[in-house]
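Structure at a glance
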Amino acid sequence: MNSFLRNTAQDILKKHETLQDIVIVLPNRRAGLFFRQHLGSLIQTPIWMPEIKTIEDVFYQLAGQRPADNLSLIFELYQVYQNLNKEAESFDRFYFWGEMILKDFNDLDQFMADAGKLYHHLTEIKTLESDLSFLSESQVAMIRQFWNSFERQDRKHQEKFLKFWQILGPLYKQFQSALQVSGLAYSGMLYRKVASGLDTLTKPEKMHVFVGFNAFTGTEELLIKHFITEYGADIYWDIDTYYLDDKIQEAGMFFREYQNDKIFGPTFPKVIPDQIASHQAKIQTYATPLKSNQANLVGAILESIGPEENWEETVVILPDEQMLFPILHVLPSSISKVNVTMGYPIRNAPVYAFLEAVLEMQRYLKIEEGKVLFYHKQVKNLLASSYLNGVNPEFAKEILKQIQEQNMLYVPMSQLQSGGELHALVFCKVKSSQLFQFLTDLIKVLAGRLEEEPLQRSYLFQCYKQLNRIGEVLQGQDIQSLDLEFMIRLFRQIFREIKLPFEGEPLQGLQIMGVLESRNLDFKRVIVCNMNEESFPPSAGLNSMIPFNIRRAFGLPVQEQNDAIYAYTFYRLLHRAEEVHMIYITASDQGKAGEKSRYIQQMTVEMGIENEEQVVFVPIDLKGTGPISIHKKRDVLFSLERYKVSNDGTSQTSFSPSAINVYIDCRLKFYLKYIAGLNEKEEVKEEVDAAVFGNIAHYSMQYLYEGFIERKNRKTLNPEDFEDLEKNWIYPAIEKGVRKFYNLGAEKDTRLNGQIAIVRDVLHGYIVRLLEIDQSASPFQILSMEKEHQAIFGVEAPYGDFKVSLKGYIDRVDLQNESIRLIDYKSGADKKDFSKIDDLFEPAIKNRNKAAMQTLFYGLLYSSMHPENINPLKPALFNFKEVFQDDFNPYLQQGESRKPKVEVNDYNDYKVDFESHLSAKLVELFDPKIPFDQTDDLDKCKICPYIDICGR
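Since this is a predicted model, take the numbers as computed values, not measurements.

Cut-offs used in this document
- Residues numbered from 1 in each chain as written.
- Predicted model: local features only at pLDDT ≥ 70, side-chain atom pairs only at ≥ 80, totals over all residues.
- Heavy atoms only, no water.
- Helix = DSSP H or I, 4+ residues; strand = E, 2+ residues; numbered from the N terminus.
- Buried < 20%, exposed > 50% of the residue type's maximum accessible area, 1.4 Å probe, protein only.
- Contact = heavy atoms within 4.5 Å.
- Phe/Tyr/Trp six-rings, centres within 6.5 Å; stacked < 30°, edge-to-face > 60°.
- Lys, Arg positive; Asp, Glu negative; His and termini not counted.
- Salt bridge = Lys/Arg side-chain N within 4 Å of Asp/Glu carboxyl O.
- Pairing = 2+ DSSP bridges.
- Expected span 1.5 Å × (residues − 1).
- Axes fitted to C-alpha atoms, helices over the stretch in contact; angles between N-to-C directions.
- Parallel < 35°, antiparallel > 145°, perpendicular 65-115°, else oblique.
- Nonpolar A, V, L, I, M, F, W, Y, C, P; charged D, E, K, R; others polar.

Within the chain, the regular secondary structure consists of 38 helices and 26 strands. Along the three orthogonal principal directions, the C-alpha set of the chain runs to about 120 × 70 × 65 Å. For the chain, with 952 residues in total, the buried portion stands at 51%. Counting only contacts in the chain whose residues sit at least 6 apart along the sequence, the fraction spanning at least 24 positions is 77%.

Once that is clear, we can look at the packing of aromatic side chains. Inspection of every chain in the model, using the stated rule, returns 69 aromatic pairs. Seen from their ring centres, Phe91 and Phe486 are 5.6 Å apart, and the 80° between their planes marks the pair as edge-to-face. With a gap of 395 residues between them, Phe91 in helix H5 (residues 91-110) and Phe486 in helix H24 (residues 484-495) connect regions that are remote in the sequence. Comparing Phe91 with Phe486 shows no difference in burial state: the two are buried. Note on Tyr364 and Tyr375: the rings are 6.3 Å apart at their centroids and 40° apart in plane angle, and the pair reads as tilted.

The next point concerns the side chain of Glu313. Relative to the elements of secondary structure, Glu313 occurs in the loop between helix H14 (293-303) and strand S6 (314-317). Buried within the structure, Glu313 lacks any salt-bridge partner; its nearest side chain of opposite charge belongs to Lys524, at an N-O separation of 4.6 Å. The residues touching Glu313, leaving out its near neighbours within four places in the chain, are Met1, Phe523, Lys524 and Arg525.

So, about the environment of Val762. Following the sequence through the fold, Val762 ends up in helix H33 (residues 754-777). Accessibility expressed as a relative area gives 39% for Val762, which makes it partly exposed. On a C-alpha basis, the gap between Val762 and Leu873 in space is 32 Å, while along the polypeptide they are 111 residues apart.

Moving on, we come to the pairing of strand S21 (residues 819-826). The element S21 is extensively covered by neighbouring structure, given that eight of its eight residues are classed as buried. Across the two faces of S21 the burial is the same, with Ser819, Arg821, Ile823 and Tyr825 and Ile820, Leu822, Asp824 and Lys826 all buried. Between the antiparallel neighbours strand S20 (residues 802-816) and S21 lie two residues, among them Asn817 with a positive phi of about 55°.

Before going further, it helps to examine helix H22 (residues 435-449). Residue pairs spaced three or four apart in an α-helix point in one direction, given the helix's 3.6 residues per turn. Compared with an ideal rise of 1.5 Å per residue, which puts 15 residues at 21 Å, H22 spans 22 Å between its outermost C-alpha atoms and is within 8% of the ideal. The set of residues buried in H22 consists of Leu435, Phe436, Phe438, Leu439, Thr440, Leu442, Ile443, Leu446 and Ala447. Next to the buried residues of H22 lie helix H16 (350-363), helix H18 (386-389), helix H21 (421-426), helix H23 (454-474) and H24.

Time to look at the side chain of Glu250. Locating Glu250 in the fold gives a position in the loop between helix H11 (241-244) and helix H12 (253-259). Glu250 gets classed as buried once you look at its relative accessible area, which sits at 19%. Sequence-distant contacts of Glu250, that is, excluding residues within four places in its chain, are made with Asp563, Ala564, Ala567, Arg598, Tyr599 and Gln602.

Moving on, we get to the sheet that holds strand S1 (residues 22-26). Pairing between sheet strands relies on hydrogen bonds along the backbone, with the strands arranged either parallel or antiparallel. With parallel pairing, the four strands of this open sheet are ordered in space as S2-S1-S3-S4. Looking at the sheet topology across the chains shown, the edges are occupied by strand S2 (51-54) and strand S4 (234-236). Here the average twist between neighbouring strands, direction ignored, is 25°.

With that settled, consider the environment of Lys465. Locating Lys465 in the fold gives a position in helix H23. Take Lys465: its relative accessible area is 42%, and that puts it in the partly exposed class. Distance in space between the C-alpha atoms of Lys465 and Glu309 is 40 Å, their sequence separation being 156 residues.

A full pass over the atoms with the stated rule returns 51 salt bridges. Arg363 is paired through a salt bridge with Glu485; the nearest N and O atoms lie 3.1 Å apart. Of this pair, Arg363 sits in helix H16 while Glu485 sits in helix H24, and the two are 122 residues apart along the sequence. Looking at Arg363, the relative accessible area reads 30%, which means it is partly exposed.

Moving on to unusual backbone geometry. Phe536 connects to Pro537 through a cis peptide bond whose omega is 10°. Within the secondary structure, Pro537 sits in the loop between strand S14 (525-528) and helix H25 (548-553). One non-glycine residue with positive phi stands out, namely Glu369, at about 55°. Residue placement: Glu369 occurs in the loop between strand S9 (366-368) and strand S10 (371-375). With a phi close to 60°, Asn713 is a non-glycine residue in the positive phi region.

Attention now moves to the packing of helix H29 (residues 657-665) against helix H30 (residues 667-675). At a minimum axis distance of 5 Å, the contact between H29 and H30 shows a crossing angle of 135°. Between H29 and H30, the angle is such that the two are oblique. Here Ser658, Ala659, Val662, Tyr663 and Asp665 of H29 lie close against H30, whose contacting residues are Arg667, Lys669, Phe670 and Tyr674. Class assignment for the residues of the contact of H29 with H30 results in five nonpolar, one polar and three charged.

And the structure:
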């Protein structure tokens with residue numbers, strides 16, 4: 001292929017008989033590899049190869065020094081800052097904007113700006129901005145009406161604000177001096193050192209040839225001009241008339257400036273190449289809805305390429321590095337070799353997610369009575385990871401079960417460390433000064449367990465190297481004062497930029513690379529993913545403390561220059577391309593709008609091409625999810641047999657009133673929950689909701705009255721018994737209720753969280769009120785508390801008679817005024833009235849009274865277990881949300897709406913009608929011809945846990 005680097009190599013060979021006295025300087029190492037390949041293919045006889053360098057290599061060699069790492073530099077910067085500001089904040093607060101200051105210093109030096117003048121002007125501007133003394137009180141009040149955040153700063157804050165900006169100038173100067181003493185430097189400082197001493201440079205022994213540069217920093221421009229004028233250096237420009245002659249084309253912004261320069265101008269070729277217009281490439285644009293769709297599309301494009309093509313001439317450009325693995329997974333089998341010229345971010349690797357979870361756990365630990373406790377969410381994430389679950393799966397399963405059953409918001413460290421060596425290492429409290437050593441030790445152990453997973457070990461190795469480097473930098477620094485939160489943020493900040501390098505033959509196979517890696521390289525076929533505005537070109541602005549106008553006035557780079565660099569990088573891909581495939585996403589992604597890149601729009605207008613966009617979509621059935629109906633085939637009928645009573649009077653399971661209510665509401669929900677066994681997802685409840693409150697209340701009332709019976713050795717409660725119960729026994733009963741609900745033994749602490757303390761107090765108020773109600777109804781005799789009641793219920797069906805097992809737990813059964821009360825405690829506001837028995841079994845009724853159906857169901861159970869009983873059975877609902885009403889009445893009321901109601905005094909008065917309707921429902925439930933289908937009432941679906949299965 002006739003590429004820029006090949007043509008340059010050919011021209012250099014023509015001009016120079018020998019190459020050993022030449023230094024080729026290129027923008028990056030990747031271009032150097034390709035240049036060496038082209039040079040090798042053109043040389044016919046043995047010859048010494050030229051020295052190939054990057055521009056960084058040239059500067060660092062001339063400076064005799066390489067830059068220190070950022071962490072060391074910021075520590076040094078902070079020392080200087082402390083000397084200038086006696087009220088300096090802590091290092092952890094300084095670090096993250098200290099990075100910004102260091103970046104600004106680097107720009108100042110790279111572009112040879114006068115730091116003294118710049119920071120003097122910046123201070124003056126900030127002084128003007130902060131001076132609001134010219135405003136009158138009425139003006140301040142008027143401004144505040146429109147600008148809520150407007151406040152007049154007091155003098156102390158104003159002086160502190162201005163002092164910071166006044167420090168920046170001296171900080172720059174003294175930082176330079178401090179670095180010279182310590183022997184450290186940042187890259188801009190070295191560049192400036194070289195550029196400032198050009199007159200003292202010794203003429204290099206070898207001739208320098210600068211190839212393929214676009215945008216120079218101020219120091220690079222001075223150096224290259226000096227080499228051209230003083231040492232006869234050559235320069236080769238990789239340009240095209242398409243953007244050079246167009247005065248408003250941003251891709252040619254730097255070249256037009258250099259073309260008019262008295263030194264650079266003569267180095268431009270007499271005939272500027274016109275490749276983009278002369279051999280207009282075949283350009284195709286694709287619009288796809290999702291990021292993941294791009295991978296399949298790239299695979300399809302590559303699949304269409306014939307086997308005779310050289311894959312080295314095809315490149316896939318990835319502005320978003322997250323697309324790398326999806327692309328690699330869909331490559332056609334015809335591609336045997338792939339060269340990846342980009343690193344894969346460590347932050348996207350599974351092992352980094354594990355390390356993140358370990359750090360998150362450290363952030364949310366707490367210490368109570370000397371015991372270290374870890375927050376349940378991080379513990380669950382870690383135990384579910386392959387690293388810990390694979391070591392001891394039974395231990396992980398048991399701990400996760402305990403967390404769920406006991407609703408453990410915090411898990412003791414000692415309990416977690418019993419899982420083994422790795423668990424003991426992961427689940428420990430780490431001091432900030434020990435954090436990086438802790439992570440290093442953890443990585444060593446993980447690496448030892450992942451010997452058969454080379455990719456994972458590669459991730460770990462990169463992490464290990466970086467942690468060692470950080471550890472070396474931190475040695476000798478005062479890190480005792482740094483808090484853990486800062487150290488974790490520092491870890492994330494540094495690891496955010498680490499990438500896993502790929503090994504392979506860079507000059508063979510399909511080329512996959514990032515945007516900037518493509519500089520100076522030419523390809524016949526170009527495929528660009530993520531051709532979206534804010535992705536290519538990227539949207540990230542300049543992170544600087546120096547305002548735009550001052551940056552521009554002092555020649556520092558602004559966003560306009562960044563845009564020009566990316567525009568050139570894109571358009572130079574078109575120099576020799578024959579096919580260009582550009583893919584953009586129509587859906588927004590991670591806050592980025594789904595808008596096509598400006599480059600696509602520009603090409604369509606400037607080139608006058610008819611770029612027909614191909615929309616690639618995933619077929620979606622816009623028709624709603626079809627109805628779900630489970631027919632009662634043999635396996636379903638077999639499952640239903642579990643509810644039937646066999647000849648020996650036993651059954652595998654029983655119908656509860658809740659199960660019958662679920663069936664009435666939605667037959668499919670009954671199938672999913674009770675036949676298919678799809679239980680609702682259980683989660684640790686951080687808040688005490690109505691269900692948790694109700695359960696604890698049930699247990700507390702049970703223990704309160706059972707304790708009374710045990711102490712007094714009698715079951716009858718008289719009015720005088722309630723004063724002692726209220727005064728001395730409510731809190732102990734609640735304590736037992738909490739232990740029962742959370743499955744805590746007698747030795748376990750019940751101080752689970754602050755909410756439990758609130759629940760204890762709130763529940764105490766409710767129980768006091770319940771005791772008042774019970775006292776007014778006393779004397780009464782308690783017959784049972786929280787006892788299971790069962791019944792064998794006969795069903796007459798057209799397809800054959802059968803018996804089923806029924807069961808239910810009645811919260812309380814007592815004898816009062818010759819009536820047996822069947823009491824159900826409810827934490828909600830369940831209604832007690834119903835019009836007729838039919839309505840309790842009718843699914844079409846919007847507000848069907850499930851609680852009334854349940855308490856009448858208890859009447860069936862009790863009468864079945866106690867056929868000798870001759871007392872009336874009186875259902876009652878003690879719903880907590882109504883107990884404080886003056887006219888509270890716990891008994892069911894039967895009658896039409898807005899008409900006088902009749903109190904339900906005896907279940908036996910409704911027995912025949914109730915059991916007839918229940919029998920009819922059971923006949924329907926077991927009927928092989930009636931499927932388990934969905935309810936027609938979509939309002940019921942809104943709070944159904946199975947809504948995702950139904951798709952409603």
